[in-house]
Amino acid sequence: MCIRDRNIKGQGDLLRQISGELVQQEEKQAIKEEIMEQMVASYSVEKSVLLDTKPFKFTIDFTLENEQKLIDIMRSLLLKFDEKYRDSKIEEAYEAMREIIMFRLHFPGTYVACEQEYLQAIKKYRSQFELVKVMYRELMRTLGILNDKKDFQPESSKNGVNISYRKEGDWANVTIKVEAVVPVNIFDFIVFIYEMDLFTEWMPYCTECKPVQDFNHYTKGIYMKMDVPKPLPKREGYLLGFAADRMEKNGTIVFVSKSIDEDTRFQNRLKINIPETPPDTVRYKIVSSIYELEPIDENTTRFRAVTNVDAGLQNIPTFLLRWAYRKFGSMMFEKMLQRIRKLEGTQWEDRKTNTVNKDLYQHFRTQIEKHLAKKKQN
């Protein structure tokens, strides 16, 4: 063989070696992508959860631990998720869910029993994972709006209730924000907000509000109907409403709601059945809605809220719609904060103890008492 042929052969071997290494790298990446795609398709876990940039620091040497030890560790992580999910600690439940998924990506693929345990757990918790993911994202999004002070303009300020609004680009609807310190026990606030069938007693134009699906004791599918003045057609909305316990984070309890009638993926995965809109009715959309409650003491509550509703109004000048949204939002919150000061002898007072929501109320009561006791000690 001549020198030229040997050079060509050597170059060919080198190219094949490099090509083989590249193929192996591509295959490894493809396998990783395939695993993630299978999780997304079969178990409702998105890549954004798997590829979250927040680091995890496992203290486990996965290569040295035996399979049973890893199974025990995974079971403990599932118990942690169960506990946080049950106690309406949305942020902690989301982090526990992430930890479970990241744990799977670390243990050796040869551990067949560990893999089966994981797949069974994911299948069992499929609905809870999907729900936590949606609630966490909406909670973070609306908290961001609640804490954002940029571009809000004053609408009214009276009786200690400060209401402001913000235009949202070219949209006709506006974001309404309210802040107030109210001489009302926080537990009265919780019952007032969560007993949704009584919204008809105080919310303007609301003629029906009821839970249509219970996901857990603090998360519900909600139907709300509003008979607005004629000639406008009736309005209806299908919502996801949930409470989140943030007492250990910043001493608050929050209530969040969002429209779900356009989210077909969420409907399918949680088996939600939303009927067609009647001919004489228009769907409205809750763009943002969050109520935050913070106990100052046993008889005083700091209340903050943000709401942005698209009522589905068309062929009306933008300036007029913005004015209407501002006035309606202000009227709703003013009426709410007036009504909540006088609950003695009303249905709300009875619901404190005589209600299907008593387990949730007891949990919040315990958390609030702990928080206030700690606050007194400090």
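The rules behind the values
Per chain, residues are indexed from 1 in the order of the written sequence. Totals for whole chains, interfaces and linings use every residue, but because this is a predicted model, local features are given only for residues with pLDDT of at least 70 and side-chain atom pairs only at 80 or more, for both listing and counting. Side-chain measures were taken over the full set of non-hydrogen atoms in the model, leaving aside hydrogen atoms and water. Here, a salt bridge means any Lys or Arg side-chain nitrogen found within 4 Å of an Asp or Glu carboxyl oxygen. Each helix corresponds to a stretch of at least 4 residues labelled H or I by DSSP, and each strand to a stretch of at least 2 residues labelled E; elements are numbered beginning at the N terminus. A simple rule labels every residue: compare its accessible area, found with a 1.4 Å probe on the protein chains alone, to the largest value its type can have, and call it buried under 20%, exposed over 50%, or partly exposed in between. The nonpolar core is taken to be a set of buried Ala, Val, Leu, Ile, Met, Phe, Trp, Tyr and Cys residues, with the residues joined through side-chain atoms within 4.5 Å. Should any heavy atoms of two residues lie within 4.5 Å, those residues are considered in contact. By this rule the span expected of a helix is its residue count minus one, scaled by 1.5 Å. Here the arc refers to the set of directions running from the helix axis out to each C-beta atom.

## Regarding the pattern of salt bridges
Here is step 1 of the chain: Tallied over the full model, the rule gives 27 salt bridges.
Here is step 2 of the chain: For Glu 138, the salt bridge goes to Arg 141, with nearest N and O atoms at 2.7 Å. With a gap of 3 residues between them, Glu 138 and Arg 141 both fall in helix H6 (residues 126–147), about one helical turn apart.
Here is step 3 of the chain: Looking at Glu 138, the relative accessible area reads 7%, which means it is buried.
Here is step 4 of the chain: For Arg 141, a relative accessible area of 35% corresponds to the partly exposed category.
Here is step 5 of the chain: One salt bridge in this structure joins Arg 351 and Asp 197, with 2.8 Å as the shortest N-O distance. Here the residue Arg 351 occupies a position in helix H11 (residues 347–351), and Asp 197 occupies one in the loop between helix H7 (186–194) and strand S4 (206–216), the gap between them amounting to 154 residues.
Here is step 6 of the chain: Judged by relative accessible area, which is 16%, Arg 351 ranks as buried.
Here is step 7 of the chain: One network of salt bridges, in which partners are shared, links Lys 89, Asp 245 and Glu 248.

## Observations concerning the nonpolar core
Here is step 1 of the chain: Of all hydrophobic cores here, the largest spans 102 residues; its most connected members are Phe 81, Phe 189, Ile 190, Phe 303 and Phe 333.
Here is step 2 of the chain: The element best represented in this core is H6, accounting for 10 residues.
Here is step 3 of the chain: Not counting residues within four places of it along the chain, the set of residues in contact with Phe 333 comprises Ile 163, Ile 176, Val 178, Tyr 291, Phe 303, Ala 305 and Thr 307.

## A look at helix H10 (residues 318–339)
Here is step 1 of the chain: The first and last C-alpha atoms of H10 sit 31 Å apart over 22 residues, in line with the 32 Å expected at 1.5 Å per residue.
Here is step 2 of the chain: Residues of H10 that are buried: Leu 321, Arg 322, Tyr 325, Gly 329, Ser 330, Met 332, Phe 333, Met 336 and Leu 337. When H10 is viewed along its axis, its buried side chains cluster within an angular range of 160° and face the same direction. Within H10, the exposed residues directed more than 90 degrees away from the buried face are Phe 319 and Gln 338.
Here is step 3 of the chain: If you follow the buried residues of H10, they end up packed against strand S1 (153–158), strand S2 (161–167), strand S3 (174–182), H7, strand S9 (285–297) and strand S10 (300–310).

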